[in-house]
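Here are the chains, one letter per residue:
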Amino acid sequence: MKLSVHSKSFERNVVLLLVFVLISVPLAVAADDYTAARRTMVGEIEADVELTSSYIGADELDQRVMTAMGTVPRHEFVPDEMRRYAYENRPLPIGYGQTISQPYIVALMTDLLDPAPEHSVLEVGTGSGYQAAIMAELVANVYTIEIVEELGSRATRDLARLGYDNVEVRIGDGYHGWESVSPFDSILVAAAASHIPPPLLRQLKPGGRMIIPVGSRFLTQYLVLVEKSFDGVVKTHQILPVRFVPLTGGHD
Amino acid sequence: MSAAALAYEILLMRLFSISQWHHFAHMAISLALLGFGASGSFLVLARRHLLRAFDIAYVANLCLFGLTAVICFSLAQHIQFNPEEVLWDPRQWRGLLLSYLLLALPFFFAANGLGLALIKFNTRVTRVYAADLVGAGLGGAATIGLLYLLSPAEALRVLAIGGIVSAGVGWIELRLRPRYVVVGLSLLAIALWAFPANWSAPRVSQYKSLSQALQITGTRVVNEKSSPLGLLQVVESPVIPLRHVPGLSLSATAEPPEQVGVFTDADNMTAITRWSGDTGELSYLEYLTSSLPFVIANPRRILILGAGGGAEVLQALRYRTEHIDAVELNPQMLDLVRKEYGNFSGRLYDLEGVHTHVSEARGYLAGVDPASPYDLIELSLTDSFAASSAGLYALSEGYLYTVEALRSYLELLSPDGYLAITRWIKLPPRDTLKLFATAVDALADSAVVDPGNRLMLIRGLQTSTLLVKNGAITTGEVALMREFCSRQFFDVAWYPGMSESEANRYNLLRRPYFHEGARALLGDGRDAFLARYKYNVRPATDDRPYLHHFFKWSTLPEVLALRGRGGTPLLDAGYLMLIATLVQALLASAAFILLPLAFLRSRGRSLGKKIRKRVFSYFFLIGLAFLFLEIAFIQKFILFLHHPIYAVTVVLTAFLVFAGLGSAASTPLAAYFGARNTARYAIAAIASLGIVYLLFLDVVFASLLSVPAAMKMAIAVALIAPLGLCMGMPFPQALNRLGESAQSLVPWAWAINGCASVVSAVLATLLAIHFGFTIVILGALILYGLAAAVFPRD
């Protein structure tokens, strides 16, 4: 009602200003929200690590890994309708029957591979590209292969947009690895089929590590860490990332 | 009408097992009963209005049944539901409940039609009830027949059109006006026919393995075969070849050749492998845990249970086995390998020395001549038996893995022959240890003094293989096994004389869980171990054939606390869904069956509290008892009739038809003995028959296991007939009695009975899992006894 005492043009300006404020404020708030949410997420991961320390054999993860988790904008890798859940510590569907893993699992898998700045890493199963982005913060080169064409193109686009130029995405069959840029210091396999492809084991450097989550798309049940020793023997460690005091009970 | 309702139920079970997982089969039963119960309550309230226009109401309900059968199913398909997210996403519960209610609607309309007829022809209640039961029985049988001709989605449409057409026929027969309604109905039927097929086709959950496979560029379904045993879909992937070799060793250098995948109900894949006939191409099959029996011995006559796409047969051929008997449940699977993929697969099923048999494993074994035993019996990993049976009684698939089953395998082994069971590794260990315990029991039951001397257990990263030898394991065999394991990076979990330091070398667990478990199961601490282990690894038996039931309530709080941290897969989804279904059934039946009757209170009060209490108890008890018996007998007969789908059809049809006849026969009996006595005599007969069956059914089954299938079905019908006849009597006689003395309580009775049935169908399975079928049957007999005591008096 007050507005009616002012001139028409002033009225219009006020309305425009109001509209501008109404649009821009939430945007700014949203960006702040994401940063805050990411901080909260990092805190949750740290708490989870502490809870599961006896299973993963460490009280905390590598500080570099945690920094990467606090840097990479996870919300940029999930579909729009999932953005508001982007920093919840849980897996999210990204379409095509695929998911973006729980942040705690991403952090743990990255940590278990012991990434070093000079490393060259292969990822089989790009998915959203989030895991590749985390890895790209920590190593020299990331080569990632996605079997679903739509996912592969989306991840290529998102990674380029966010400036991850040390990641190379290829759409195709991960079974044969990436011969021309092998061997790798470590390999991430997003989902285990009925067996670990022999070519991937061949392309792993002696002393290198491979990590594979086992379970369904939504629920990582345990992680398999594969180690190739210098004498060619391959051993695996099965790591339960949950604080389950199970099994033979009592004397565990 | 009742035939159509039962047909709808069976179709729903099939459609569910294709689009989601088989736990939903339980839901179909309780859905049907919910619809029926809700209708009972509805009729109570709207009875006057509906009866005034009986003809139109009857036809309208028929028509609505037809319409909703297709439309509600399509709608329910569009509700997003992912059982794996249920634990942390409340929206999933809403989805589940909504689809539950939608799918119950067609049953509601079918039941309205039936209920109206029951009220209208009150004096002929037994005859209407009889027609209902007989109709339902025949409908079930017809549906199974239909499923051989049509896919489940097409059959659903045929059913819907049937509903509309009979509505039209009803309109004409009842001489209803205006006539042009018939034209409208015909148009409707045509419209349903033209309804886009993909709207009612089951939409496969995107998290099932078929959906996942189809995401891959170039992958497509090239062939489909449908039968009541399951929907087979062949998937080719020319761009990125499929490679399905469960548990290939980490030392393997050989890669598998090209394969096509065959999915049963969009899951449980088995692979058909390209093969030229040269066994040199098959070297990759030596890098599996399942190679163990071929490495330590030279089996010449072998039996493979679960032939599927032929991986196990190929493996045996690689090791130059002379005689291979391969048993497969689904004939369409063998056809695929033989015909469509004959050249592709190198005609492996037609090679000299390879003999295929279409049969269920236990039935096949019963017919094997003990004079020609096997050197090796292999239970394959394809799980194709499980897949085939999954469609109907989800949790009934375990008759292959019970103590009794293992004993029957051992009896057909040659001296020093082996039984080999390969399973996927689960962590924490579950089925591997359960089967180890089962083998220990089977050996002990066969009077073997030291079972540990006959067992060997190895594991790789993804699979474990258990060997049970018909004789003591020698040091020579142990040496070969150890050498094999160190070459393949496999771990040894048990052999006689093994020390703990040898376990857990390549695939490192926090502790040598498999070895510890095996050792505990063989020693004195066995019972203590079973009690404190966090999963149920007690051996499955024929009375409780649930291999996949590992759930322990005591573990639940711990797992729930971990649900946000990946703890959920530590639970059995199937069991959880069963509980969810039970809770849902309880709530829904209270809300839709009992609540509406609250409006009726004022009218019923004139009859006195006592009689209402009696009516309530009586109909509740016989509702529970009827379904307890029906479900327990379906499960029992699966062992005898082998195919679960045949067991369901034969048992359900026989129960319903004979209960219908029993209902009809009860009228003259009641005229002679009186309603109350007729019901009591019937219940006495049920109790004595039930006890006789409990004592002698297993013996009868054992002695007749190898007679021809048709004969077995006839025997099954003959066994069920007397029980069914008697079970048909208590309900209509009590209802008749109410019709005479307390007319307004008839719908009450109907509703309460429905409510009890909704709960009973799920509860029976739950009880069977925990206590076995024997207890379920005994429970039913006790319930009947209680019912006899509270038969409504004047």
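It should be emphasised that the depicted structure is a prediction, and the values quoted were computed from it without experimental measurement. (Residues numbered from 1 in each chain as written. Chains lettered and ligands numbered in written order. Predicted model: local features only at pLDDT ≥ 70, side-chain atom pairs only at ≥ 80, totals over all residues. Heavy atoms only, no water.)

1. What about the overall build of chain A?
Broken down by element type, chain A carries 7 helices and 9 strands. Here chain A holds 252 residues, and 52% of them are scored as buried. Entry remark: accessible area of chain A is about 11100 Å², with carbon and sulfur atoms responsible for 56%. (Helix = DSSP H or I, 4+ residues; strand = E, 2+ residues; numbered from the N terminus. Buried < 20%, exposed > 50% of the residue type's maximum accessible area, 1.4 Å probe, protein only. Areas by Shrake-Rupley, 256 points an atom, 1.4 Å probe, with all protein chains shown as cover.)

2. Description of the overall build of chain B
What chain B contains, in helices and strands, is 29 helices and 13 strands. The proportion of buried residues among the 794 residues of chain B is 63%. Long-range pairs, those at least 24 residues apart, make up 77% of the contacts in chain B between residues at least 6 apart in sequence. Put simply, chain B shows about 28200 Å² of open surface, and 62% of that area lies on carbon and sulfur atoms. (Contact = heavy atoms within 4.5 Å.)

3. A word on the side chain of Asn504(B)
Residues and elements named next belong to chain B. By the secondary structure assignment, Asn504 is in the loop between strand S12 (491-494) and strand S13 (507-508). Judged by its relative accessible area of 13%, Asn504 is buried. Side chain to side chain, Asn504 and Arg459 meet in a polar contact 3.0 Å long. If near-sequence neighbours (up to four positions away) are discounted, Asn504 is found in contact with Arg459, Asp491, Val492, Leu509, Arg511 and Pro512. (Polar contact = N/O pair within 3.5 Å; in protein donor to acceptor, adjacent residues only side chain to side chain.)

4. Side note on the nonpolar core
Among the nonpolar cores identified, the biggest contains 103 residues, and Phe619(B), Phe633(B), Phe637(B) and Tyr784(B) are the most heavily contacted of them. The biggest single contributor to this core is helix H23 (residues 609-641) of chain B, with 21 residues. Both domains that meet at this core, namely domain 1 (1-204) and domain 3 (607-794) of chain B, each give it at least three residues. Among all residues touching Phe637(B), those that are not within four sequence positions of it are His642(B), Ala647(B), Val651(B), Leu697(B), Phe701(B), Ala716(B), Leu719(B) and Ile720(B). Counting residues in each nonpolar core, the second largest holds 75 residues, with Leu204(A), Leu433(B), Leu443(B) and Leu457(B) among its members. (Core = buried A, V, L, I, M, F, W, Y, C linked by side-chain atoms within 4.5 Å. Domains from an automatic or database assignment.)

5. Quick notes on a nonpolar patch on the surface
Residues and elements named next belong to chain B. There is a patch of nonpolar side chains on the surface, built from Ile691, Val692, Leu695, Phe696 and Val699 and spanning about 470 Å² of accessible area. On the secondary structure map, Ile691 appears in helix H25 (residues 675-704). Using a relative accessible area of 43% as the deciding quantity, one classes Ile691 as partly exposed. (Patch = residues over 30% accessible without salt bridge, like charges linked within 9 Å, V, L, I, M, F, W, Y side chains within 5 Å. Salt bridge = Lys/Arg side-chain N within 4 Å of Asp/Glu carboxyl O.)

6. Points about the confidence of the model for chain B
Residues and elements named next belong to chain B. Chain-level statistics for chain B give a pLDDT mean of 80 and a share of 82% at 70 or above. No element of chain B has a lower mean pLDDT than helix H14 (residues 384-390), at 33, and none a higher one than strand S10 (residues 455-459), at 97. Note on residues 384-396: pLDDT under 50 across the span, and 47 contacts to partners over four residues away in sequence or across chains. (pLDDT = per-residue confidence, 0-100.)

7. Examining unusual backbone geometry
Cis geometry marks the peptide bond from Ser182(A) to Pro183(A), where omega comes out at 0 degrees. Considering the arrangement of structural elements, one finds Pro183(A) in the loop between strand S5 (167-171) and strand S6 (184-189). One non-glycine residue, Arg320(B), lies in positive phi territory at about 55 degrees. As for its placement among the helices and strands, Arg320(B) is situated in the loop between helix H11 (311-318) and strand S6 (323-328). Residue class for Arg320(B) comes out exposed when judged on its relative accessible area of 65%. Residue Asn504(B) is not a glycine yet carries a positive backbone phi of 60 degrees.

8. Topic: H25(B)
Given 3.6 residues to a turn, an α-helix orients residues that are three or four positions apart in the same direction. Along its length, H25(B) reaches its greatest deviation from straightness, about 50 degrees, at Phe696(B). Looking at H25(B), one finds that the buried residues are Ala675(B), Thr678(B), Ala679(B), Ala682(B), Ile683(B), Ile686(B), Gly690(B), Tyr693(B), Leu697(B) and Phe701(B). (Bend = angle between axes of the 7 residues up to and from the residue.)

9. As for the environment of Gly308(B)
As for its placement among the helices and strands, Gly308(B) is situated in the loop between strand S5 (301-305) and H11. For the pair Gly308(B) and Leu381(B), spaced 73 residues apart in sequence, the C-alpha separation works out to 9.5 Å.

10. Side note on the pairing of strand S3 (residues 259-264) of chain B
All names here are of chain B. With 6 of 6 residues buried, S3 is to be regarded as a mostly interior element. Across the two faces of S3 the burial is the same, with Gln259, Gly261 and Phe263 and Val260, Val262 and Thr264 all buried. In terms of strand pairing, strand S2 (residues 230-236) meets S3 through 4 bridges, oriented antiparallel. Directly across from Val235, in S3, lies its bridge partner Gly261. Pairing geometry for S3 and strand S4 (residues 267-273), over 5 bridges, is antiparallel. Bridge pairing in S4 places Gly261 opposite Ala271. (Pairing = 2+ DSSP bridges.)

11. What about the sheet that holds S6(B)?
Sheets are built from strands paired through backbone hydrogen bonds, the pairs being either parallel or antiparallel. Residue and element names in this part refer to chain B. Pairing in this open sheet of 8 strands is mixed, and the strands run S7-S6-S5-S8-S9-S11-S10-S12 from one edge to the other. Strands at the two margins of the open sheet, each flanked by one partner only, are strand S7 (354-358) and S12. Each strand axis lies, on average, 20 degrees off the axis of its neighbour in the sheet, ignoring direction. Seen against the sheet, helix H17 (residues 475-488) touches strand S9 (413-424), S10, strand S11 (463-469) and S12 and runs at an angle of roughly 5 degrees to S10. Set on the sheet, helix H18 (residues 513-522) makes contact with S10 and S12; between it and S12 the angle comes to about 15 degrees. (Axes fitted to C-alpha atoms, helices over the stretch in contact; angles between N-to-C directions.)

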